[in-house]
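Breakdown of the fold
The primary structure of each chain is shown beneath.
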Amino acid sequence: MIPALLSDVRAEMRKVVTPSRKEVQATTIVVIVAVFIFGAYFAVVDSVFSYGMHQLLSKLGGLQQ
């Protein structure tokens, strides 16, 4: 059982390819840009919901000023 597992692991490890520096840089840039885009999106959504909740609670008398 274990020798078969080890031979399978070796066979799979032979298929592993190390990405080039250019590929790593390109994917890193994509990830950083995506993080900033999602961060901006969630900041806008959060502020819209915060404003809506503030307006709703002030109309219902739930906020004390």
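None of the values given here were measured: they were computed from a predicted structure.

Rules and cut-offs
- Residues numbered from 1 in each chain as written.
- Predicted model: local features only at pLDDT ≥ 70, side-chain atom pairs only at ≥ 80, totals over all residues.
- Heavy atoms only, no water.
- Helix = DSSP H or I, 4+ residues; strand = E, 2+ residues; numbered from the N terminus.
- Buried < 20%, exposed > 50% of the residue type's maximum accessible area, 1.4 Å probe, protein only.
- Areas by Shrake-Rupley, 256 points an atom, 1.4 Å probe, with all protein chains shown as cover.
- Lys, Arg positive; Asp, Glu negative; His and termini not counted.
- Charge placed at Lys NZ, Arg CZ, Asp CG, Glu CD.
- Expected span 1.5 Å × (residues − 1).
- Phe/Tyr/Trp six-rings, centres within 6.5 Å; stacked < 30°, edge-to-face > 60°.
- Patch = residues over 30% accessible without salt bridge, like charges linked within 9 Å, V, L, I, M, F, W, Y side chains within 5 Å.
- Salt bridge = Lys/Arg side-chain N within 4 Å of Asp/Glu carboxyl O.

In terms of helices and strands, the protein carries 2 helices and 0 strands. For the protein, the spread of C-alpha atoms along the three principal axes comes to 70 × 35 × 15 Å. For the protein, buried positions account for 0% of its 65 residues. Total accessible area on the protein stands at roughly 6300 Å², and carbon and sulfur atoms take up 71% of it. Between the averaged position of the 6 positive side-chain charges in the protein and that of its 4 negative side-chain charges there is a distance of 5 Å.

This paragraph deals with helix α2 (residues 21-60). Between its terminal C-alpha atoms α2 stretches 58 Å, which fits the 58 Å expected from 40 residues at 1.5 Å a residue. Within two residues after α2, Gly61 carries a phi angle of roughly 80°, on the positive side.

Turning our eyes to something else, we now look at the packing of aromatic side chains. Enumeration according to the criterion identifies 2 aromatic pairs in this entry. Here Tyr41 and Phe42 contribute two aromatic rings whose centre-to-centre distance is 5.2 Å and whose plane-to-plane angle is 65°, an arrangement assigned as edge-to-face. This pair shows no difference in class: Tyr41 is exposed, exactly as Phe42 is. An aromatic cluster is built from Phe38, Tyr41 and Phe42, whose rings are joined through pairwise contacts.

For the rest of this paragraph, the subject is a nonpolar patch on the surface. Together, Leu5, Val9, Met13 and Val16 make up an exposed nonpolar region whose accessible area comes to about 390 Å². For Val9, the location among the structural elements is in helix α1 (residues 2-15). By relative accessible area, Val9 is classed as partly exposed at 41%.

Turning our attention to the environment of Ala34. Here Ala34 lies in helix α2. Exposure remark for Ala34: the relative accessible area of 28% places this residue in the partly exposed category. Once the C-alpha coordinates of Ala34 and Lys15 are considered, the two residues, 19 residues apart in sequence, prove to be 29 Å apart.

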